[in-house]
Every structure is written in C-alpha cells, then in structure tokens.
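Residue-level listing of the chains:
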Amino acid sequence: MTALTPGLITLGAFMAVVPLLRRDSTMARSFLAVVSLVFLLRYLYWRVTATLPPPHLTADAVIGYPFMLLEAASLVAVALSLLFLSRTIDRTGAARIDGRAIDPHAPLIDVLICTYNEERSILERTIIGATGMEYGNYRVWVLDDGRRPWLRRLASELGCHYLARPDNHHAKAGNINHALKHVGALPERPDFVAILDADFVPRPDFLARTISLMDDASVGVVQTPQHFINPDPIQTNLAATDVWPDEQRFFFDILMPAKDAWGVAFCCGTSSLIRYAGLVQIGGFPTDSVTEDYLVTLRLKERGFNTIYLNERLTIGLAPEGLKEYITQRARWCLGLMQIVRGRSGPFSQDSKLSFIDRLSLVDAFMSWSAVYTSKVAGLMVPWLFLLFGIKAVQADLTELLRFFLPFYVWHGLSMAWLSHGRSLAMMSDVSQLIAAPAVLKAVAAGLLKPKGHKFKVTAKGGDRDRRFVEWPLLRIYGCALLITLAAIAYAFILHLRGENIAYGGLALAWSLYNALILTVVCFVCIEQPRKRKAERFDRNEPILLRQDGKWHLARLADISITGARLIDPDPPAPGSTIDCRIYGRSIAAIVVRRTTDGFAVRFEEGMDTRVHAIRAFYAGEYVRAYRGVRALPVGKALLMRLFG
C-alpha cells in the first residue's frame, strides 16, 4: 500500500480537479500537460539515477543502457505530444455556406478521384457522390491509373470526365500531377482542386463548406477528417465495433485540431481542398516521398501557404478491411515520414525554410514512429532476459517502480482519456502499435537508410472477405512472443525458483503478465473475422410507407444499407414479391429476399437511376455514427467476451 499511495493520491487529485476544467480551454489543457510533464521528469530522473546497472562491460549494462535510452526517447515523444495537445481549435463556426453553393460563376473547383485497382461498386459510389455535390461550379475527373475501359464507360454514364496516362510513374502523386497538367492546359483553369481517394464518398456540402475557408489568400489547403463506413480490422477481429472507435479517430478528432491550433496541421491526401495557384508554384505534388500529402503541406508552407483543418464529417470512406491492408497503410505512412526526414524538407535540413514549430512537429511525428514502436518491442524482451538468464537491465523492484512510475501513468493516462473523450486508452494503443510494429520498424530502417527508390503500396479495398482466416506470419511472431513470455514466468517462478527472483522478480513478473495480456489480444486480432455483407448496414427505428398491389401500409425500418433493408411488419409479403418502399424521399422498388422473425428483408432494384438516388441520399444522411465518447468498461467487457466467449 505504501508503494500505491502516490498513485492513489494522484488519482484522487485528478478526479477532484477535472470536473472544474473545460476540454477546449488552453489553460486547462496546458495544466494537465504540465502536471504530466512534471511526473514524467520525476520518473525519468529516478530511472536514470537509480535503476541503471554499474557502467561496466556486463550483460546488465549492455542491455540496460540502450534500453534506458530507448525509453527516454519514447518519453520525449510523449512530452512532444503533450505540448501539441495543450491547444485545440474548432473551425466549424468559421466555415459557412453562402451564395457560391448555387452560383455558376463561383470559383471553379476540379474534383480529382484517384484510382488504381478498386472494384466497380466502390468507384461507383464515389463518382455518384462527387457528381451530386451542392456547389455551383465544379468538374469531376476520374484519374484511372489502371487504364480500365469499363471505368471510362462508367465515368461517361455518370457524367464526369475520365483521364488515364500511359504509365504509373510516381504512383498517386504522378497521377495527380498528370491531371494538374491537363486541367492547366484547358481554356478554363481551376481555382482549386479537391482530392478524393477512390473509396471516399463526399457529402453534398463538402465543397461549399471547405471553400468558405479559402477566402484567406494565405490558406493553401483545407483538410477534413477521414470517417469510415466500415469498422477497421482491430474493431472487427476483437468484436468491439459497438464500443470502440476506429483507430484513426484519435488522430482526426483530437490530434489534428491540436496541430491546427499550433499552425502545423497537414494535408492527409483525400478529403482535402487545395489552392491551384499554390500547387503551380511548387510544381505540383512532390514525388520524393510516398506520403506526398504531408510533403505538399511542407512545400506550400515554404511558399507562404498554410494548411488548416476543418473537423467536420464531409466525406465517408472505407477503412482497411483486412489486417494486411491495415499494416501496409501504416508502414507506408511511416516510410513516407522517414523519407521526408531525410529529404530537403526535413526537420534538420538547412535548405528548408520551415519555421521552428513546423520542424518540431516533424520531430514529434518522427519520434512517434521510431522511438515509440522500438521501445514497445524492446519492452517485450527485457523481462524475458531477467527471468530466463538473470540479466537485470532495470535495477529496481516493483515497489520502487510503483512509487515513481504509477503517478505519471495514472495522471497521463487519465488526461489523455479525458482530452480525447476516451479515444486514447493505453491498452488499446499498445495493441494497435504492436500489431504494426514489425512492418513499421522495417519502414523506419528502410526510409532512413535508403530514402529513395521505394514503391507506393496501394491499400487494397473491396474483395471477398466472407471467410475467417488467420494472418499466420503475424500470429507466428506474436504467438511465439506470448509463449516465450509464459515460459519465462514458469521457468523463473516454478521450475527454477531463486531467491533473487523472489526479491527482485516482482517487476519482471508484473511486466510479463501485462505483456502476456497484450500479446493475447494481439493474437486474437490476427484471426480475421468474416465480413458477410458487401455494404455496411446501420440500425434504424423509423416508420416507412410500403406499397404492394396498389395498397399502401406502414412498416418500421429496422436497418438499412445502400443495397437493401430489413423491415418490421406483422404481415410480411412473400419472398420473391416486388414492393415499393418510400425511402430516401422517393419510392424505390425492392424485392423481398426473405422473411424474418418479425418482418422481412428486401434488396433494392438494380437500376442506375435508383442506385444514384440511393447512394446520394444514404451518404448525405446520418447513418454513419460519430463517436462522442468512449468508456473503458464496455471496451474491457468486449475484450473479455472476445477472449473467453
């Protein structure tokens, strides 16, 4: 209890103070950050002065000193994140919809849909959404790096322009630059360009809301968040979709508004509006990084153009549907950042005109990828070395650690959870970081040692995902790590019990037990759960009108997607019959596909006119839920149900 007392006092102080604070107050956020920093420095001082092995050429020192440096680097990353999270800004009040929404003489916007190998159903939704936006003067261009004849026909059918090029040089950046050159040669050049990935469907007000922030001539990019219609692999594989948001919510809902408050928000590619004149000045999208979006912000910054962030749900896309795609995406982001760090726009480059805060933001991103992921992997192995071989890299027992580490852990963890409305929980962060760690560390090394010559790896979307399967390469890594952890505990405390283990092994035991829990969750994430539906369904509870054989009656809508719906009706029609449903503000023909216990399910008719109306109405609605807050207990319950259910 003596060791736990500082942590309990910290918990009590936090619970007493936090009801008095406002999340959007810079003073309140700074207070939480400063207290966290004080606890961090207290722990780090103890760690450096009291826990290191004697500086001799011993196994303890050879492991202990590098691990301490890794831990210190990860704490520097924590300190930088605290600095940037001490502010936030909300530009929703500044954005507006004015006469430009219907004015045919409004600034011309070219909407560029970038595609390589996505399937028809994905592209159809995006094109339909893009051609249905409520703005008076824009053109839609499909940039097809797959050179597919069927896509040319689809673009023509849906009333937009089609562009292809003879090669795939420089991947997405090269595709956009080819389009910029084309539209720049037209009699009417655009004032702005909007970038959409192939799977991101814009809401009707996407252009009208973002262009309102372009009145300031210094704004080069207006970036909006990425929201997803489907759960990511961690949500799906842990059966936590209903209680835990997708992994990107902390980044887009919390971190990006904080970066924007410091003037260091950056372009994230899709769902952005960019000033055409700025792109002309920098020669188009840079091609010296596979994350051309972040780099375009830096190059525009050097020309005096800022990136700002509008935190509104104006596009809805697809999260990576499989674990392999999820990891590929994060490895590409990491690789691109490493290329930027090594390039002329890096934080230590003498050729760069970036300000100090821009450089510090780059250091923050670099440390988050390199130091944090490396220390996470090292933290798995250090307890093994003591339990199996007696290598004591950390010269402390559990009681000492709790006195110095627990106050920081409690205050920082609760502060992050409070600031993020629960989007940041330590355990879930460890799971998401570990699952991608092998690919990320490989990308760190590749990007730093060889910054040029890397290919852009597309995040695959769509495909057949209706069966359970196992990501064996990852499961072998983390399954072996879990077995080693359990074997080390058994060896040290059952098979080869020594007095030293009893005296000092409490730290290694507690550390290993936590690692075992995280590794178990990671192993379950490696088991891909089937996704039966091609289109995501969303629960509803509203009355709708049905017509069959010329007669109208009321039923209740239970759930809906862009392809069909389930209805509650005490007198369901027979399967195979055709009915009219008053949905999306119009009558849509549907076929009854089956009866259910309380009603029936329908599939909407396949006609293009119906699909266009249904897709536009669906994505304009409020079917995709926005997470307002996350609580730890439901997340813990979901994990327990997945592990033991």
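As a reminder, the structure under discussion sits directly above these lines.
These notes cover the structure that comes with them.

Definitions and limits used
Residues numbered from 1 in each chain as written. Predicted model: local features only at pLDDT ≥ 70, side-chain atom pairs only at ≥ 80, totals over all residues. Heavy atoms only, no water. Helix = DSSP H or I, 4+ residues; strand = E, 2+ residues; numbered from the N terminus. Axes fitted to C-alpha atoms, helices over the stretch in contact; angles between N-to-C directions. Left-handed = near helix turned anticlockwise from the far one by under 90°. Contact = heavy atoms within 4.5 Å. Nonpolar A, V, L, I, M, F, W, Y, C, P; charged D, E, K, R; others polar. Patch = residues over 30% accessible without salt bridge, like charges linked within 9 Å, V, L, I, M, F, W, Y side chains within 5 Å. Areas by Shrake-Rupley, 256 points an atom, 1.4 Å probe, with all protein chains shown as cover. Salt bridge = Lys/Arg side-chain N within 4 Å of Asp/Glu carboxyl O. Buried < 20%, exposed > 50% of the residue type's maximum accessible area, 1.4 Å probe, protein only. Core = buried A, V, L, I, M, F, W, Y, C linked by side-chain atoms within 4.5 Å. Expected span 1.5 Å × (residues − 1). Bend = angle between axes of the 7 residues up to and from the residue. Polar contact = N/O pair within 3.5 Å; in protein donor to acceptor, adjacent residues only side chain to side chain.

Topic: the environment of Leu 398
For Leu 398, the position within the fold is in helix α14 (residues 398-419). Distance from Leu 398 to Leu 509, taken between C-alpha atoms, is 9.0 Å for residues 111 residues apart in sequence.

Describing the packing of helix α13 (residues 356-389) against helix α16 (residues 472-495)
In the contact formed by α13 and α16, the axes pass within 8 Å of each other and the chain directions differ by 35°. Like other packed secondary-structure pairs, α13 and α16 cross with a definite hand, here left-handed. Residue-level contacts link Trp 384, Leu 387 and Leu 388 of α13 to Ala 481, Ile 484, Thr 485, Ala 488, Ile 489, Tyr 491, Ala 492 and Phe 493 of α16. For the contact of α13 with α16, the per-class residue count stands at 10 nonpolar, 1 polar and no charged.

As for a nonpolar patch on the surface
On the surface, Met 1, Leu 4, Leu 8, Leu 11 and Met 15 cluster together into a nonpolar patch covering about 490 Å² of accessible area. The residue Leu 4 is located in the segment before α1 (5-17) in this model. A relative accessible area of 32% means that Leu 4 is categorised as partly exposed.

Considerations on the nonpolar core
When a protein is soluble and globular, its nonpolar side chains tend to lie buried together. Ranked by internal contacts, the top residues of the largest apolar core, which has 65 residues, are Ile 109, Val 111, Leu 207, Val 602 and Phe 604. No other element matches the 6 residues that helix α18 (residues 608-620) contributes to this core. Ile 109 has contacts with Tyr 135, Asn 137, Tyr 138, Arg 139, Phe 192, Val 193, Ala 194, Leu 207, Ile 211 and Leu 273, leaving out every residue within four places of it along the chain. With 64 residues, the next largest nonpolar core counts Met 256, Val 341, Tyr 373 and Ala 638 among its residues.

Focus: α14
Look at α14: 29 Å from first C-alpha to last across 22 residues, which is about the 32 Å you get at 1.5 Å a residue. Of all the bends found along α14, the most pronounced is centred on Phe 405 and spans about 45°, while Pro 407, a proline, follows it within four residues. The distance from a side-chain oxygen at the start of α14 to the backbone nitrogen of Thr 399 is 3.2 Å, and the residue carrying that oxygen is Asp 397. Among the residues trailing α14, His 421 stands out with phi positive, at a value near 55°.

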